[in-house]
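Here are the chains, one letter per residue:
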Amino acid sequence: MTVLLPPSETKREGGDIGTTLDLGVLSFPELSDERAAVITAARSVSSEESTARTALKLGPKSIAERHRNLSLDTAPTLPAIERYTGVLYDPLEAATASVASRAWWARHVVVQSAMFGPLGGGDPIPAYRLSHDSRLGSLRLASHWPAPAARALSSRSDGLVLDLRSEGYRALGPLDGAVPLRVVSVDGSGRRKALNHWNKTAKGRLVALLARTGAEVSGMDDLLAWAAANGVVIDRVDGAWELVAESLAPATA
């Protein structure tokens, strides 16, 4: 099983002492040239405040984040699953998670980064500032990433691929056969409503629970069996798979 996640705009600062970015140790090493090109372009637009403001869509309170892109080669790293913060990643409590949970994420989670392309959950990366719709001069992420990222993801697509990415990040790494999971809320009368902001929390709780239980899933039938055993409601409605948010109580990994 592979779980595809989007990254997060917010990232934990700092990292492990004595570590720096090494493209050669990241998952999908065949993407090293593409990663290097994005890093160079991101460094270029971040070199001046004026260009960084437009290219990276930074405001007065976030303009200092351009400096992250200027120190990508020297800043300390953290595993990707720990680097990202926010409503999807906070439920994982990755920094204090068990060794078993962290190992599960390293084996099964792939994060679709705008800077690095697909990343393994345990891949060591520095903090950076880049979004799927950032403007990097002549390098367009929308044309730079899809083909090589799709090839890389296809090499790891045996078994179930559960796609929890947002549309913008799916476009950077399209993968035929991936199973998108829509998050819905169900009220007392049984009416379903798609969630926006809070769908990320449900996705985070799902990934935390998968890791905490050491889920071994190879297909959709296995996932449904695991969900039933753990009180998680996943249904097929009008041809789409839906996760009922209320079935996932807060949990730590």
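Please refer to the structure higher up on the page.
Predicted, not measured: the structure shown is a model, and the values here were computed from it.

1. Some points on the pairing of strand β7 (residues 179-186)
Where a strand is regular, its side chains alternate between the two sheet faces.
Moving on, step 1. Taken together, the two bridges between strand β6 (residues 161-163) and β7 define a ladder with parallel strand orientation. What sits directly across from leucine 162, in β7, is valine 179.
Moving on, step 2. Pairing of β7 with strand β8 (residues 192-194), which is carried by three bridges, proceeds in the antiparallel orientation. Residue pairing for β8: valine 184 is matched across the bridge by alanine 194.

2. Description of helix α7 (residues 146-154)
Moving on, step 1. All of the buried residues along α7 are Pro146, Pro148, Ala149, Ala150, Ala152 and Leu153.
Moving on, step 2. Those residues of α7 that are buried are in contact with β1 (2-5), α1 (32-46), β3 (109-113), β4 (117-120), α6 (141-144) and α8 (167-172).

3. Things to note about unusual backbone geometry
Moving on, step 1. The backbone of phenylalanine 28 shows a phi angle near 55°, a positive value even though the residue is not glycine.
Moving on, step 2. A relative accessible area of 7% places phenylalanine 28 in the buried class.
Moving on, step 3. Phi is positive for aspartate 238, which is not a glycine, with a value near 55°.
Moving on, step 4. By secondary structure assignment, the location of aspartate 238 is in the loop between β9 (234-237) and β10 (240-244).
Moving on, step 5. For aspartate 238, a relative accessible area of 79% gives the class exposed.

4. Some remarks on the pairing of β1
Moving on, step 1. Neither face of β1 is left uncovered, since the one carrying Thr2 and Leu4 and the one carrying Val3 and Leu5 both have all their residues buried.
Moving on, step 2. One ladder, built from three bridges, connects β1 with β6; its direction is parallel. Bridge pairing in β6 links threonine 2 to valine 161.

Quick notes on the rules
Each chain has its residues counted from 1, following the order in which its sequence is written. Whole-chain, interface and lining totals are the exception, using all residues; otherwise, since this is a predicted model, local features are given only for residues with pLDDT of at least 70 and side-chain atom pairs are given and counted only at 80 or more. To obtain the side-chain values, all non-hydrogen atoms of the structure were used and water was disregarded. By the convention used here, strands pair only if DSSP detects at least 2 bridges between them. Helix and strand labels come from DSSP, where a helix needs a run of H or I of at least four residues and a strand needs a run of E of at least two; each type is numbered from the N terminus. For each residue, the accessible area found with a 1.4 Å probe, counting protein chains only, is set against the maximum for its type, and the residue is called buried under 20%, exposed over 50%, and partly exposed in between. Contact criterion: two residues are considered in contact whenever any of their non-hydrogen atoms come within 4.5 Å of each other.

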